[in-house]
Amino acid sequence: MPNILFVCLGNICRSPAAEAFFRHHVTTRGADDRFNIDSAGTGGWHEGELADARMRSAAQHRGVQILSRARKISSSDQSADLIVVMDEVNFKDVISLSWVKPTRVRRLLEFHPNSSRTAVPDPYYDGQDAFDLVLDLVDSATLGLLDYLESDALD
Ligand code: 4NP
């Protein structure tokens, strides 16, 4: 069963949303037993915390619960088959870890069907609109990711 790990900077905004929306799409498709799904941050400042309340509330409005607790990526994540990052800073930070195989690291918006953006912008210092934009991007791109994975991309 493939291990899919979503990664951002703090693991309290973007990657917990990506984890929750990907899980939501997987459940809707009846594929719960087909993936291990998790998220982590490249930084550990928020270790143990629930996701940002603004992110949880924006997701709740769309019928998706974000339940994860923040943690920092570590070599225990070596079992990840795919590490899905939100932006270029995450990409650089993740591939610089000695145990990471760069071919297993992808940018989430590669899987978005029609956005010209390449990064999910960090909403942490912005207002509610920024959180809604993150969810628009994450919702479509995680569905695109599921389509990609269901086409047996990892076989
Ligand atoms: P995230 O957002 O990477 O989407 O979780 C951030 C959350 C916290 C911080 C930075 C980004 N921070 O510096 O504490």
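Here the structure is a predicted model, which is why all the values come from computation and not from measurement. (Residues numbered from 1 in each chain as written. Predicted model: local features only at pLDDT ≥ 70, side-chain atom pairs only at ≥ 80, totals over all residues. Heavy atoms only, no water.)

A. Looking closely at the pattern of salt bridges. Taken as a whole and assessed by the stated rule, the structure comprises 13 salt bridges. Among the salt bridges present, the one from R14 reaches D122, with a minimum N-O distance of 3.9 Å. On the criterion of sequence distance, the pair formed by R14 in helix α1 (residues 14-28) and D122 in the loop between β4 (105-107) and α4 (128-150) is long-range, its members being 108 residues apart. Here R14 falls in the buried class, since its relative accessible area comes to 3%. With a closest N to O distance of 2.8 Å, R29 and D147 form a salt bridge. Here the residue R29 occupies a position in the loop between α1 and β2 (36-41), and D147 occupies one in helix α4, the gap between them amounting to 118 residues. Assessed through its relative accessible area of 42%, D147 is described here as partly exposed. One salt-bridge network, held together by shared partners, links R29, R34, D147 and E150. (Salt bridge = Lys/Arg side-chain N within 4 Å of Asp/Glu carboxyl O. Helix = DSSP H or I, 4+ residues; strand = E, 2+ residues; numbered from the N terminus. Buried < 20%, exposed > 50% of the residue type's maximum accessible area, 1.4 Å probe, protein only.)

B. Examining the packing of α1 against α4 more closely. Close contact between α1 and α4 brings their axes to 9 Å; oriented N to C, the two are set at 50 degrees. With respect to α4, the element α1 is oriented oblique. When you trace α1 past α4, the crossing you get is right-handed. For the pair α1 and α4, the contacting residues are R14, A17, A18, F21, F22, H25 and V26 in the first and V134, L135, V138, D139, T142, L143, L145, L146 and L149 in the second. When grouped by side-chain class, the residues that make up the contact of α1 with α4 number 12 nonpolar, two polar and two charged. (Axes fitted to C-alpha atoms, helices over the stretch in contact; angles between N-to-C directions. Parallel < 35°, antiparallel > 145°, perpendicular 65-115°, else oblique. Left-handed = near helix turned anticlockwise from the far one by under 90°. Contact = heavy atoms within 4.5 Å. Nonpolar A, V, L, I, M, F, W, Y, C, P; charged D, E, K, R; others polar.)

C. Examining the site of the ligand more closely. The local shell around the ligand consists of C8, L9, G10, N11, I12, C13, R14, H46, D122, Y124 and Y125. One of the backbone N or O atoms of I12 is found 3.0 Å from an oxygen atom in the ligand. Interatomic distance of 2.9 Å between a backbone N/O atom of C13 and an oxygen atom of the ligand. Here the shell around the ligand is built from residues that sort into six nonpolar, three polar and two charged. (Near = heavy atom within 4 Å. Polar contact = N/O pair within 3.5 Å; in protein donor to acceptor, adjacent residues only side chain to side chain.)

D. Geometry of α4. Compared with the 33 Å implied by 1.5 Å per residue over 23 residues, the 33 Å span of α4 between its first and last C-alpha is a close match. Turning to α4, its buried residues are A130, F131, V134, L135, L137, V138, A141, T142, G144, L145, L146 and L149. For α4, the elements touching its buried residues are β1 (3-8), α1, α2 (53-61) and β3 (82-85). D152 lies just past α4 and shows a positive phi near 65 degrees. (Expected span 1.5 Å × (residues − 1).)

E. Spatial organisation of the side chain of H25. For H25, the position within the fold is in helix α1. Side chain to side chain, H25 and D139 meet in a polar contact 2.9 Å long. Not counting the four nearest positions on each side in its chain, H25 is found in contact with D139, T142, L143 and L146.

F. Spatial organisation of the nonpolar core. Core analysis: the biggest nonpolar cluster contains 37 residues, and I4, F6, F22, F35, M55, L108 and L145 have the highest contact counts within it. Grouped together as the second largest cluster of nonpolar side chains are 12 residues, L5, F91, V94 and V105 included. (Core = buried A, V, L, I, M, F, W, Y, C linked by side-chain atoms within 4.5 Å.)

G. Here's a closer look at the packing of aromatic side chains. Evaluated as defined, the whole model comprises four aromatic pairs. Here F111 and Y148 contribute two aromatic rings whose centre-to-centre distance is 5.0 Å and whose plane-to-plane angle is 50 degrees, an arrangement assigned as tilted. Placement of F111 in the loop between β4 and α4 and of Y148 in helix α4 is noted, with a sequence separation of 37 residues between them. Residue class for F111 comes out buried when judged on its relative accessible area of 8%. Measuring from centroid to centroid gives 4.9 Å for Y124 and Y125, while their planes differ by 85 degrees, and the two rings are edge-to-face. When its relative accessible area of 28% is taken as the criterion, Y124 is described as partly exposed. Using a relative accessible area of 72% as the deciding quantity, one classes Y125 as exposed. An aromatic cluster of three or more residues is present, and its members are F6, F22 and F35. Looking at R107, its charged tip hangs above the ring of F91, at a distance of 3.8 Å from the centre. (Phe/Tyr/Trp six-rings, centres within 6.5 Å; stacked < 30°, edge-to-face > 60°. Lys NZ or Arg CZ within 6 Å of the ring centre and 35° of its normal.)

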